[in-house]
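# Secondary and tertiary structure notes
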Amino acid sequence: MNATTSVNPVLRVAPAAPAEAAAYFRASLVLHADVSDVASVLAAGGDPGFVVLDSRSTASWDQGHIPGAVHLPTAFIAEQAEQFLDKDVPVVTYCWGPGCNGAARAALALAELGYRVKEMLGGFEYWVREGFAFETWEGGERRAADPLTAPVDAANCGC
């Protein structure tokens, strides 16, 4: 066996030092929110302490959105954010899903205007896939949770 085939591909680049890893993961949690966490806080009722912002087009919004979300497409954030958002209230942005960077672009636009923001990982796709209720132009809807993305017999994944 030559040296190339015996190298462990996982450890080919050594893991970060613990302090470096802690800083990276802390920064990730500062910038991101999990679909399940957002849903559980919203389901608890009362003031969640943040506003959810859907940054997609009107056609996408009509196809389905998180109940209670503010609809503000990224292209209009610079002009209209102050009409819909309070700079004292953190904003959680979302778009279609993990294959779309629209929520990150919206979060950037808001941060540049002075808003505190997080991006909701998974976007609307994972909101639906995890079985949470959503609204369309025709009314409310809910689909069964996808067992590849959410626990079937538990309220959360326990992580």
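Higher on the page you've got the structure.
This text gives an overview of the structure that appears in the document. (Residues numbered from 1 in each chain as written. Predicted model: local features only at pLDDT ≥ 70, side-chain atom pairs only at ≥ 80, totals over all residues. Heavy atoms only, no water.)

The next point concerns the overall build of the protein. Helix and strand counts for the protein stand at 7 helices and 7 strands. When its helices and strands are written in sequence order, the protein yields α-α-β-α-β-α-β-α-β-α-β-α-β-β. Evaluated residue by residue, the protein yields a buried proportion of 33% over its 159 residues. Taking the contacts inside the protein whose residues are at least 6 apart along the sequence as the reference set, 62% of them involve residues at least 24 apart. Counting only carbon and sulfur atoms, one obtains 58% of the accessible surface of the protein, whose full area is about 9,900 Å². In the protein, 10 positive and 19 negative side-chain charges are present, and the distance between their average locations comes to 6 Å. (Helix = DSSP H or I, 4+ residues; strand = E, 2+ residues; numbered from the N terminus. Buried < 20%, exposed > 50% of the residue type's maximum accessible area, 1.4 Å probe, protein only. Contact = heavy atoms within 4.5 Å. Areas by Shrake-Rupley, 256 points an atom, 1.4 Å probe, with all protein chains shown as cover. Lys, Arg positive; Asp, Glu negative; His and termini not counted. Charge placed at Lys NZ, Arg CZ, Asp CG, Glu CD.)

A separate point is the packing of aromatic side chains. Within the structure shown, the criterion is met by 5 aromatic pairs. Here the aromatic rings of Tyr 24 and Phe 25 are separated by 5.0 Å at their centres, their planes lie at 85°, and the arrangement is edge-to-face. Note on Tyr 24: relative accessible area 55%, which makes it exposed. Plain terms: the ring middles of Trp 96 and Phe 124 are 6.0 Å apart, the flat faces sit at 75° to each other, and that makes the pair edge-to-face. Here Phe 124 lies in helix 7 (residues 123-129) and Trp 96 lies in the loop between strand 4 (91-94) and helix 6 (102-112), a separation of 28 residues in the sequence. (Phe/Tyr/Trp six-rings, centres within 6.5 Å; stacked < 30°, edge-to-face > 60°.)

This paragraph deals with the layout of surface pockets. Space inside the largest pocket adds up to approximately 360 Å³. What lines the largest pocket is a set of 17 residues, and nearest its centre among them are Asp 34, Ser 36, Asp 37, Asn 156 and Cys 157. Residue composition of the lining of the largest pocket, by class: 9 nonpolar, 5 polar and 3 charged. (1 Å grid on protein atoms, 1.4 Å probe; cavity = no way out; pocket = protein on both sides within 12 Å on 5 of 7 lines; lining within 4 Å. Points joined across faces, edges and corners; volume = space filled by probe spheres on them. Nonpolar A, V, L, I, M, F, W, Y, C, P; charged D, E, K, R; others polar.)

Below, the discussion takes up the side chain of Glu 130. Tracing the chain through its elements places Glu 130 in the loop between helix 7 and strand 6 (134-136). Summary of buried charges: Glu 130 has no salt-bridge partner, and the nearest side chain of opposite charge, Arg 129, is 8.3 Å away. Polar side-chain contacts of Glu 130 include one of 2.5 Å to the side chain of Ser 36. Setting aside its immediate chain neighbours within four residues, Glu 130 contacts Val 35, Ser 36, Ala 145, Thr 149 and Ala 150. (Salt bridge = Lys/Arg side-chain N within 4 Å of Asp/Glu carboxyl O. Polar contact = N/O pair within 3.5 Å; in protein donor to acceptor, adjacent residues only side chain to side chain.)

Turning our eyes to something else, we now look at the pattern of salt bridges. Per the counting criterion, the structure on display carries 4 salt bridges. The residue Arg 129 makes a salt bridge to Asp 146 at a minimum N-O spacing of 2.6 Å. You can see Arg 129 sitting in helix 7 and its partner Asp 146 sitting in the segment after strand 7 (139-141), a full 17 residues away along the chain. Residues Glu 141 and Arg 143 are paired through a salt bridge, measuring 3.3 Å at the closest nitrogen-oxygen approach. Judged by its relative accessible area of 33%, Glu 141 is partly exposed. Residue Arg 143 is classed as partly exposed on the basis of its relative accessible area, which comes to 47%.

These values are about where atoms sit, not about what they do.
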